[in-house]
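Take a look at the letters that make up each chain.
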Number of protein chains: 2
Amino acid sequence: MNQDLRREREAASFNPELLTHVLDGSPESTRRRREIENLILNDPDFQHEDLNFLTRSQRYEVAVRKSATMVKKMREFGIADPEEIMWFKRMHLVNFVEPVGLNFSMFIPTLLNQGTTAQQEKWLLSSKGLQIIGTYAQTEMGHGTHLRGLETTATYDPETQEFVLNSPTVTSIKWWPGGLGKTSNHAIVLAQLITKGKCYGLHAFIVPIREIGTHKPLPGITVGDIGPKFGYDEMDNGYLKMDNYRIPRENMLMKYAQVKPDGTYMKPVSNKLTYGTMVFVRSFLVGEAARSLSKACTIAIRYSAVRHQSEIKPGEPEPQILDFQTQQYKLFPLLATAYAFQFVGAYMKETYHRINEDIGQGDLSELPELHALTAGLKAFTSWTTNAAIEACRMACGGHGYSHCSGLPNIYVTFTPTCTFEGENTVMMLQTARFLMKSYDQVHAGKLVCGMVSYLNGLPTQRIQPQQVAVWPAVVDIDSPDSLTEAYKLRATRLVEIAAKNLQNEVIHRKSKEVAWNLTSVDLVRASEAHCHYVAVKLFSEKLLKIEDKSVHAVLRNLCLLYCLYGISQKAGDFLQGSIMTESQITQVNQRIKELLIAIRPDAVALVDAFDFQDVTLGSVLGRYDGNVYENLFEWAKKSPLNKSEVHESYFKYLKPLQSKL
Amino acid sequence: MNQDLRREREAASFNPELLTHVLDGSPESTRRRREIENLILNDPDFQHEDLNFLTRSQRYEVAVRKSATMVKKMREFGIADPEEIMWFKRMHLVNFVEPVGLNFSMFIPTLLNQGTTAQQEKWLLSSKGLQIIGTYAQTEMGHGTHLRGLETTATYDPETQEFVLNSPTVTSIKWWPGGLGKTSNHAIVLAQLITKGKCYGLHAFIVPIREIGTHKPLPGITVGDIGPKFGYDEMDNGYLKMDNYRIPRENMLMKYAQVKPDGTYMKPVSNKLTYGTMVFVRSFLVGEAARSLSKACTIAIRYSAVRHQSEIKPGEPEPQILDFQTQQYKLFPLLATAYAFQFVGAYMKETYHRINEDIGQGDLSELPELHALTAGLKAFTSWTTNAAIEACRMACGGHGYSHCSGLPNIYVTFTPTCTFEGENTVMMLQTARFLMKSYDQVHAGKLVCGMVSYLNGLPTQRIQPQQVAVWPAVVDIDSPDSLTEAYKLRATRLVEIAAKNLQNEVIHRKSKEVAWNLTSVDLVRASEAHCHYVAVKLFSEKLLKIEDKSVHAVLRNLCLLYCLYGISQKAGDFLQGSIMTESQITQVNQRIKELLIAIRPDAVALVDAFDFQDVTLGSVLGRYDGNVYENLFEWAKKSPLNKSEVHESYFKYLKPLQSKL
């Protein structure tokens, strides 16, 4: 092992294994996770060339092979528990997406949720067995977040008892669905249902797109890959154009709404439950943000411990770059954020399961808050993580720019999270809608509960937003609880300002909707402050559950750093409304520097505790053994440009130019 | 033309052509730039397949072909003026790097600056004629910014009158130089000179690496490509390992230092002038930041005018996304920043030329400030631009993630600017060193001049940093001059805090250097505030020179937005020290929203004024005619995965799995 890393690990103040158990939930979970990970690490069927050296087509091929192998192996190993499937997939996929994945994550669940028993009988077995390879086609070239704007039509023809599917415009072409371009032979298509001359809005249809056996596109179907992207090279995100394409009436998923053979439309009784999937996916994405950021921190911090550069004192050997205050200031707040988001992710998972059980028992009361919370936290954690991964990459200097670092791939695989499953700004505005509703309730004299219960403390009469709050300045900057309180006051103040500004615009504008648009910057700011408060609160509360003293001490420092760094970045928010004083802000900046020094000896152990196997990082710089430079040289030699000693373009273009002289 | 864009252009309050003249410097410059650009746009020799659809090796080949064609065409067209070469290259290269470029931008200039007349006679003609294709090899695998740490050695052997070059360790392997991997046959190598048993530090040597004619690596030389990166796919960034590789004594560049045939080392008289190249490159990078950000804004704003999505009022047609306040808040401050940086870039160019003339006449007095300013502004503009390009990309939603937007390529090509030619944090600390020196001078009773002259106003006796400044709160948020004053006060305050904290650490620590490290977060903050002040000041001053009233009006709004947005983002800095009051900050936030509305009708004309030809944007979304969707579909069809109807991996991996059922 690299001498620097060995020294770092020996000097740590706590046992990272104990912290790993905290992150996994229990020692038993850690054990089982590793067991599953090792199944893959030791399986030659999962080995392949480094994707960085392959062409797009080769990368797609590797992905299909891995997808296929995975299906076989999960059956073989008997992995069926959803969490275990997740571990298995994560290890197997390595910042990596699988073309067949949508069959299991979208096609089958939609069939189960929205199909009748007869429909499930007809399609479930063959889709589980990959006779049917399905995907889910919703987004169109011209329409994403705003579902009502989708243009694809499904017009019922009672004569033949078929739906006629059409992509009437270029903008209506289905665009983006994963696995649609080359892999899938079926798609669940979202289309505007038209029957008896009337449009009934979006409904889901099972549409065969390629012939089973030959895999050729069926007549009336135009399907293909949407072209190269920032990342997701392995994925055949696809387009689908349908021209008077006919499917039987039975292919409409009819568990809720129905179209009778004569074309009569039967309304669904309720479809609140489709809500649930969206909430699940978004709460899952919070955990993914934590995971991606943890990976990036692992790479950047290990590399910063191994890399020696520049000098602090002239003449002395070059220090580890982790000893520079600026490097610590770049990385440790991100490390603290990674831990914060790990705990937010765990909370989201628990809460989802709890509320889901309530829903199963018919209690939908907590669903609106859960929806608001997942929307906002999905946006908050993904925006933060997005910028943080790049900060980690740039903290690795030149080598961060090379694919040897693994960081560019982590970034390009993560960044779409800010856009998909609900564009982040739209998500923040959904949370804001809930906050405004809660604010109105409080003003109407009602109590609100859950994470917004702090609004109950709002005085009911105020005049000017800037006079909103004169809080007693008693923040103790060494107490996570007191800092949580400060974040709560900030959120209260920004919610109130947004509400007042909104009221003000409503008075001056013709419509509520225009007023909403003209307040939306304030509304997003309020949602961000709310989400930041939630993250701080959950981190503080987590500390209470940590039994091991040394683990508690180091997590407490991280929690303080997370809180104080946020205050320092948004000092204006804490100074306004007198939540904190100028001299407290000065103390915050000083305390942050002390915390950097306090965390420094444990930095490597803190990323070791995330327990990423080298292979999941796909990173030369982030190796556990710290053997960076030799490996980098070996890695580089495999570059596609190094296949021959002299590249043919020399003879084609440069040599002729030389001989002309 | 797209109806939305036509309407936008008709509604503009000013003539963008006039603004283009401002940006180019004069109507004549605009005319000549377009003339040169059209040479390339209309030349079939420069046409090639979209690089997004090619493999790395194919992309490299296209780049070599373009490099070679460019050399021929520039001779043919008689383009020799450096600025015209720049226009030509920019148009020709399209967010794109050329493997042969280093021969002209680094090899030849270094030969001219550091070679003797005899050396120039020997190598200049053949490098201009590409008989010699040269590059510049400085960075090593283990050593970047800190030059003294470089490990490559050149040991003089008086017996044969040769230097023996060695890469003694893995970390000493030359790493990163552009064009080194496959293209170049010579490199100027930076190595520790050792003669008569003594090391004299870094010197430059001309090293043949490949045989002319066969292009094979010479014995003793190991050379190749360093592997795939985030971007720069076209560039063969290379490695170079030398094992007892001998070159004649005459291959050391000896204009300044010399090694006599017997091995006697002759010190250079002065080498301050090597300073100049670095300053030139960095000041050039400020303009490049402006240009990259302008491109990103052009794409995002044109697309936001064409894209219709979601709804403001239910039931009404989907609005242009540019009508959402949140979208304006994402993009218009970046547009204002692009203009700010355009003016900073123009100022840097002028200043560099002015001071360079002074230097030519022996006057080095302004060099330290120029050095400090270019270092800081390079870091300040590149960090800001880096984040801003990604913000533009994400503002384009899903399509921003596709290479069809052109934005991922702009980002990955730009982002290394934060690292190369001086890592940004190191750059900020160099500026801080100058600020601290100026601060000390003021405290010693001397006056300082240039951009730091505001420090002359510092009172000499103060006690606590947080009590530093009680400025009269008279900022007029509608006056660029008054806002510049506010930024000046902020810079003064943060410079003073950094200086006080540094003094304080010096008292408590053993060494000045340790104290410097423990204050470096404050020092970077001070430099950022200084650079931000410079940008605001230059923008405000530029307004005075704009004669056309309508152009002046719209630029004034952009300038205000640039100033106010910065204040809103860093409100804490302006509240502390009482530069502004809480109620002023509230007004700032309100005024920003008004400015978004004021700028909205001119947004498209403001990006049109940058005058990027469609082809230089390499973007389907950013097209001048706004014809986005049809083009996107045509573009996608060319995806490498669409070459065959059915991808072979189906038969290899998926079909066998199906038949097993």
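Counting restarts for each chain, with residues numbered from 1 along the sequence as it is written. Chains and ligands are labelled by the order in which they are written, letters from A for the one and numbers from 1 for the other. The model is predicted, so local features are restricted to residues of pLDDT at least 70 and side-chain atom pairs to those at 80 or more, both for listing and for counting; the totals for chains, interfaces and linings are taken over all residues. Side-chain metrics in this entry use all non-hydrogen atoms of the structure; hydrogen atoms and water are not considered.

Q: Teacher, can you tell me more about the overall build of chain A here?
A: Counting its regular elements, chain A contains 23 helices and 11 strands. Computed over the C-alpha atoms, the radius of gyration of chain A is 27 Å, within 12% of the 26 Å expected from 2.2 N^0.38 for a compact globule of 661 residues. Taking the principal axes of its C-alpha atoms as reference, chain A extends roughly 85 × 80 × 65 Å. Contacts are assigned to residue pairs that have any heavy atoms within 4.5 Å of one another. Taking the intrachain contacts of chain A between residues at least 6 apart in sequence as the baseline, contacts between residues at least 24 apart amount to 72%. Secondary structure counts use DSSP, requiring at least four H or I residues in a row for a helix and at least two E residues in a row for a strand, with both numbered from the N terminus. Note that the radius of gyration is over C-alpha atoms, with the globule rule given as 2.2 Å times the number of residues to the power 0.38.

Q: Help me understand the environment of B:V97 in this model?
A: Residues and elements named next belong to chain B. Note on placement: V97 falls in the loop between α5 (82-93) and α6 (101-114). A sequence separation of 269 residues divides V97 from E366, and the C-alpha atoms of the two residues are 33 Å apart. Among residues more than four places away in sequence, those in contact with V97 are A63, Y232, E234 and M235.

Q: Quick question: what am I supposed to make of the sheet that holds strand β7 (residues 221-225) of chain B here?
A: Within a sheet, neighbouring strands are paired by backbone hydrogen bonds and run either parallel or antiparallel to one another. Two strands make a pair as long as DSSP finds a minimum of two bridges between them. Taken in spatial order, the three strands make up an open sheet running β4-β8-β7 (chain B), and their pairing is antiparallel. Strands with a single pairing partner mark the edges of an open sheet, and in this sheet they are β4 (174-175) and β7 of chain B. Here the axes come from fitting lines to C-alpha atoms, over the contacting stretch only for helices, and the angles between their N-to-C directions go from 0 to 180 degrees. Running over the sheet, helix α22 (residues 629-637) of chain A touches β4, β7 and β8 (238-242) of chain B and is turned about 115 degrees from β8(B).

Q: Help me out: how do you make sense of the sheet that holds strand β7 (residues 221-225) of chain A in this one?
A: Residues and elements named next belong to chain A. With antiparallel pairing, three strands are arranged side by side in an open sheet as β4-β8-β7. Unpaired on one side and paired on the other, β4 (174-175) and β7 mark the two borders of the sheet. Sheet topology places β4 next to strand β8 (residues 238-242); two bridges connect them, and they run antiparallel. Along β8, the bridge assignment pairs W175 with Y239.

Q: Got a minute to help me understand the domain arrangement of chain A in this structure?
A: A common way to report how large an interface is uses the accessible area buried once the components associate. All names here are of chain A. Per the domain assignment, the segments of chain A are domain 1 (1-19 + 280-446 + 479-644) and domain 2 (133-268). In this structure, domain 1 and domain 2 have C-alpha centres spaced 38 Å apart. The partner domain 2 presents four residues to the eight residues of domain 1 that form the contact. Reported buried area values correspond to the accessible surface (1.4 Å probe) lost by two parts on association, with both partners' losses combined. Together domain 1 and domain 2 conceal approximately 440 Å² of surface at their shared face, both sides included; 77% is due to carbon and sulfur atoms. Distance and chemistry together define a polar contact, namely a pair of N or O atoms within 3.5 Å, with one atom able to donate a hydrogen and the other to accept it when in protein, and with adjacent residues in sequence counting only for side-chain atoms on both sides. Linking domain 1 to domain 2 there are zero residue pairs in polar contact (both at pLDDT 80 or more). The leading source of residues in the side of domain 1 that touches domain 2 is helix α12 (residues 407-414), at three residues. In this classification, Asp, Glu, Lys and Arg are treated as charged, Ala, Val, Leu, Ile, Met, Phe, Trp, Tyr, Cys and Pro as nonpolar, and every other residue, Gly included, as polar. The class makeup of the residues in the side of domain 1 that touches domain 2 is five nonpolar, two polar and one charged. Start and end positions for the domains come from either an automated domain assignment or a database one.

Q: Explain the relation of the copies chain A and chain B here, please?
A: What relates the two chain copies is a rotation about an axis together with a slide along it. Between chain A and chain B, the superposition needs a rotation of 180 degrees and an axial shift of 0.0 Å, giving an RMSD of 0.1 Å. Such a turn and shift between the copies fits a two-fold axis. For chain A, the minimum C-alpha distance to the rotation axis belongs to A:G572 and amounts to 1.9 Å. An overlap of 100% is found between the interface residues of chain A and their copies at the interface of chain B, pointing to a shared contact surface. Alignment of the copies relies on least squares applied to C-alpha atoms, considering only residues that score at least 70 for pLDDT in both.

Q: I would appreciate a short explanation of the UniProt feature "active site" (unreviewed entry) in chain A in the present structure.
A: All names here are of chain A. Within this numbering scheme, the UniProt entry marks E421 as carrying the feature "active site" (unreviewed entry). Burial classification: accessible surface area is computed with a 1.4 Å probe over protein chains only, and a residue below 20% of its type maximum counts as buried, one above 50% as exposed, and the rest as partly exposed. According to the relative accessible area criterion, E421 is partly exposed, its value standing at 33%. In contact with E421, other than residues within four places in its own chain, are V281, R282, L285, K378 and M427. UniProt positions are given in the numbering used here, feature names are shortened, and annotations may be inferred rather than shown by experiment.

Q: Please clarify how the pattern of salt bridges should be interpreted in this entry.
A: When charged atoms on two side chains of opposite charge get close, those side chains can pair. Residues and elements named next belong to chain A. Here, a salt bridge means any Lys or Arg side-chain nitrogen found within 4 Å of an Asp or Glu carboxyl oxygen. This model, assessed by the stated rule, comprises 74 salt bridges over all chains. The salt bridge partner of R31 is E35, with a shortest N-O separation of 3.3 Å. Taken together, the residues R31 and E35, both in helix α3 (residues 27-41) and four residues apart, mark about one turn of the helix. Residue class for R31 comes out partly exposed when judged on its relative accessible area of 44%.

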